[in-house]
Each structure stands twice: as C-alpha cells, then as structure tokens.
Amino acid sequence: MRIVLAAALAFGLAGSALGQPQERLGAGQPLGAGANQAKALSFAGGRIFQAIGFGNTFMVVTKAGDVIVDTSLAPNAPRHRALLRAVSTAPVKDIILTHGHGDHTGGVPLWKEPGTHVIGQANEVELRNYQTRLEGFFALRNAAQYNAPAMRRIANPNPGDYAAAPLADVLFDKEYRFRLGDLTFDCLAMPGETPDMLNVWIPELKALFIGDNYYASFPNLYTLRGTPPRPALNYVQSIDKVLALKPEIVLPSHCVPIVGPANVQRVLTQYRDAILYVHDATVRGMNEGKDVFTLMKTIKLPPQLEVGEGYGAISWSVRGIYEGYAGWFDGDPATMYATAPGEAYAEIVRLAGGAGPVAARAEALVAGDPALALRLTSAALAAEPANAAALAARKHALERLLAASKNSNESGWLRAGLAGVEAARR
Ligand SMILES: [Zn+2]
C-alpha cells in the first residue's frame, strides 16, 4: 500500500486476535488503528515487537543491537518509536525497508542514528524516482482515494531528472544477508506489490517479514490511485518462496501476523491460489477474445479461495491484469483518436432531449443498478455540467453505492465523487 498523506490513516486490526482467522481490511474498519495501543506486541519469545499502524513498525532485538523493519507513515512514527523504545533502547544498527512506499519509509529520519544502515532492494531507487516524478498527480489521486486534503507539493530538488533523495545506503539485487548478535537477517528480493519488495527471513526464529505481499484482503493488483502493473505472477512466485522456507510466523506490514506453521501454510497457500485463479481466468478470457468489462463482471473467486475484498477488489485486479498485459487499446478503432467518450455522450444526450430526461432515467435506475445510473449522470453532465437533476441523481447513485461498499478504496472514491457533486452545485 502506498500512502504519502500526512493524514492519520489506518485500518483497524485486532492485535489480540493472533493466530485467529485474520482480521480483514475494509470500509467498515475504524481509521487510526493502533492509536490506543498501550504496549508493543511481542512475538518469537520476546525477540520481535510490533507497533500497530498504517503500516506497522517492527523491532527485532539482538545481543548486538536492534533492527527496525519498516517505519510507518511519518505521523505515526513518534507513537511507534515510543512503544518500541519502551522495550529496548539499544542502538538501532539497521533499518530494513520492505519497499519504498511512504507508509513504510516515513519514520526513517526518526529512527536513523549515526552509523545506522538503511537497507533496501535495488529497485527502490526507481520506485522512489517514479513517485517523485508523479508527485503532483499522486497528490490529487491520494487526496481523493483517502479523503484527505491534497498533500503539500514538495518542491522537487532535482526537476531535471526527477530523482528522489536517496534513502537506503545498502542496496542489493537478489539477496543480502548479515548477522547481528545471535541472529541472521536474510533480505530476499520478493517482487509483488512493488518491484522493490523485499522479505526478511530470520532462520533462528523461523520468522518472515512479508512486507505488503500479503494483507488480510485480496491484494490491490491494481490500485485506483494509479500504478504500473503489479504482476500477479510476481506475487505467486514470491509467496511460493515464502512457503518453501516453512516459517512459523509471518509478519505483514499491515494487519496482524500469521502465527503457527500450519496456519502460515494454509493462509498463504489460499492467498497465492486466489491470485493465481484470477490471473488464469483473466488470461483465459483474453485468449477467448472476451472484452475487459465482461471479465470484470464474470470472474469470481470460488468459495474456498475467498480472501475478502476490503482493500483490493477482484474486478479491478482483472482489469489490472488485462491492461497490464495488453495496455489501453480495446480494439475499437474509435479509441485510436483523441475524441473523448464525453464528447459522444454530450451529442447523444442532446439527441435524447437534454440532461433532464437522462437524469430522470438515471434516478429511476438508482435502486436497481446504481453503477449504470452513475454512468448515465456522467453522460448527462457531459452535456450540461450544472444540471441540477443530473447532479441530484448522481448524488443518489453515489450514496447507494457507498452504503453497499465494503471496500475502503471504493468508499474513498465514492466520497470524492460526492464532494465533486457538492462542488459543482456551488
Ligand atoms: Zn503499505
């Protein structure tokens, strides 16, 4: 997950539910997870500690100093540091970043001491450059998705090549292994949600930090705020490598750890199989000549593979896989040209007698098919952007979809749509 907003965003999770069925991410989850945490959670016989948040911060204690895995969003970092420093005040020898998203890197300046090494996978450099290159775009998209004020745009220190400030001073390609005190830290390249994802394996504790390649929802194979393809087969291969290590505990950077070797195998096998199922069904449909919308509508997980859609959604993932493989062209020659669908919408609405009758039809559809009603209001407003009936129908369609939504990202965009209606009415 990538959050760069200075908003206190977090999903609820139950720290006490360890080893129980995983708490699921979703729209109904309270924000500010971990805000009431009084004490760091303890695992692996008191060697690993967790501060809960979006995302989590972990501390591993060794006889020669401490290692931090991920550092959360900057606003969460002081609370996390206080919780973990109550356990140990030994020197922080290393900070390992599972990937370069802001909800994992925000606390680095707070944790870094003179002599602390910051470790990342080599693709972190380009991931951070990419985030810097598109800083303005993501400021708007993240503000909508997470219903927060647009992030202050940070002046790019190097606008010519869009380079981000370096973060890690140790970068590796496939594997970076070091020993500290009595523990081995095996950092392994595990591309999945991002190309720079790494996992940390501590063989002495049979503990694995999985970053964002697993959380308690179907993954965001495509995130609505915009992302390059997150190849489904990368997740599958990386999770296979985790399963082969036979961990006894798997610690994700969001949600609660998966505890117990059998539980780890069961949960991660199901997760891998769910991703593979959606991938294979999409590829099969593509090869059969089916269009992306048909596949978004029809591909569903079988019951034994349902892992929840509180954060990622199957339909967006289907489209992410389809367009990740094929790009944006849909085979309709009309799509080759810069004439926007909205231009055609406006023509058709005028032929239908204007936005009024189209809005009335949308209003009639709200109860039965709010997504189609929403599309019709897009058409009506393309012709008449301030039409009151079209704005009212749009509001009702958005409210209906919001009431039914169990997905936090979907809810965020529906709320952003409602804010857009309010702004158009002013
Ligand atoms: Zn994340």
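Refer to the preceding data block for the structure.
Residues numbered from 1 in each chain as written. Predicted model: local features only at pLDDT ≥ 70, side-chain atom pairs only at ≥ 80, totals over all residues. Heavy atoms only, no water.

K.L.:
I tried to follow the overall build of the protein chain on my own but got confused; where do I start?
P.N.:
Across its full length, the protein chain carries 14 helices and 13 strands. Classification of the 426 residues of the protein chain by burial places 54% in the buried group. Long-range pairs, those at least 24 residues apart, make up 66% of the contacts in the protein chain between residues at least 6 apart in sequence. Accessible surface computed for the protein chain: about 18,600 Å², of which carbon and sulfur atoms make up 58%. (Helix = DSSP H or I, 4+ residues; strand = E, 2+ residues; numbered from the N terminus. Buried < 20%, exposed > 50% of the residue type's maximum accessible area, 1.4 Å probe, protein only. Contact = heavy atoms within 4.5 Å. Areas by Shrake-Rupley, 256 points an atom, 1.4 Å probe, with all protein chains shown as cover.)

K.L.:
Would you take a moment to explain the sheet that holds strand 11 (residues 207-211) for this structure?
P.N.:
Backbone hydrogen bonds hold the strands of a sheet together, and the pairing may be parallel or antiparallel. Pairing is mixed across the open sheet formed by six strands, whose spatial order is 8-9-10-11-12-13. Since the sheet does not close on itself, it has two edges, and those belong to strand 8 (175-180) and strand 13 (258-259), each with one partner. (Pairing = 2+ DSSP bridges.)

K.L.:
Looking at this model, I keep getting lost on the environment of Lys112. Mind explaining?
P.N.:
As for its placement among the helices and strands, Lys112 is situated in the loop between helix 3 (108-111) and strand 6 (117-121). Here the alpha-carbon distance between Lys112 and Lys93, two residues 19 residues apart in the chain, equals 8.7 Å. In this view, Lys112 contacts Ile95 and Val118; residues no more than four positions away in its chain are not counted.

K.L.:
What am I meant to see in the side chain of Asp212 here?
P.N.:
The residue Asp212 is located in the loop between strand 11 and helix 6 (232-245) in this model. It is Arg230 that comes nearest to the buried, bridge-free Asp212 among opposite-charge side chains, at 7.4 Å. A polar contact is formed between the side chain of Asp212 and the side chain of His99, at a distance of 3.3 Å. (Lys, Arg positive; Asp, Glu negative; His and termini not counted. Salt bridge = Lys/Arg side-chain N within 4 Å of Asp/Glu carboxyl O. Polar contact = N/O pair within 3.5 Å; in protein donor to acceptor, adjacent residues only side chain to side chain.)

K.L.:
Looking at this structure, I do not really get the packing of helix 10 (residues 341-351) against helix 12 (residues 370-383). What am I missing?
P.N.:
Helix-helix packing is characterised by the crossing angle of the two axes and by the distance between the axes. It is at 7 Å that the axes of helix 10 and helix 12 come closest, and there the two elements cross at 85°. Compared by their axis directions, helix 10 and helix 12 come out roughly perpendicular. The segment helix 10 lies against helix 12, with Gly342, Tyr345, Ala346, Val349 and Arg350 engaging Arg375, Ser378, Ala379, Ala380, Ala382 and Ala383. Looking at side-chain class alone, the contact of helix 10 with helix 12 contains seven nonpolar, two polar and two charged residues. (Axes fitted to C-alpha atoms, helices over the stretch in contact; angles between N-to-C directions. Parallel < 35°, antiparallel > 145°, perpendicular 65-115°, else oblique. Nonpolar A, V, L, I, M, F, W, Y, C, P; charged D, E, K, R; others polar.)

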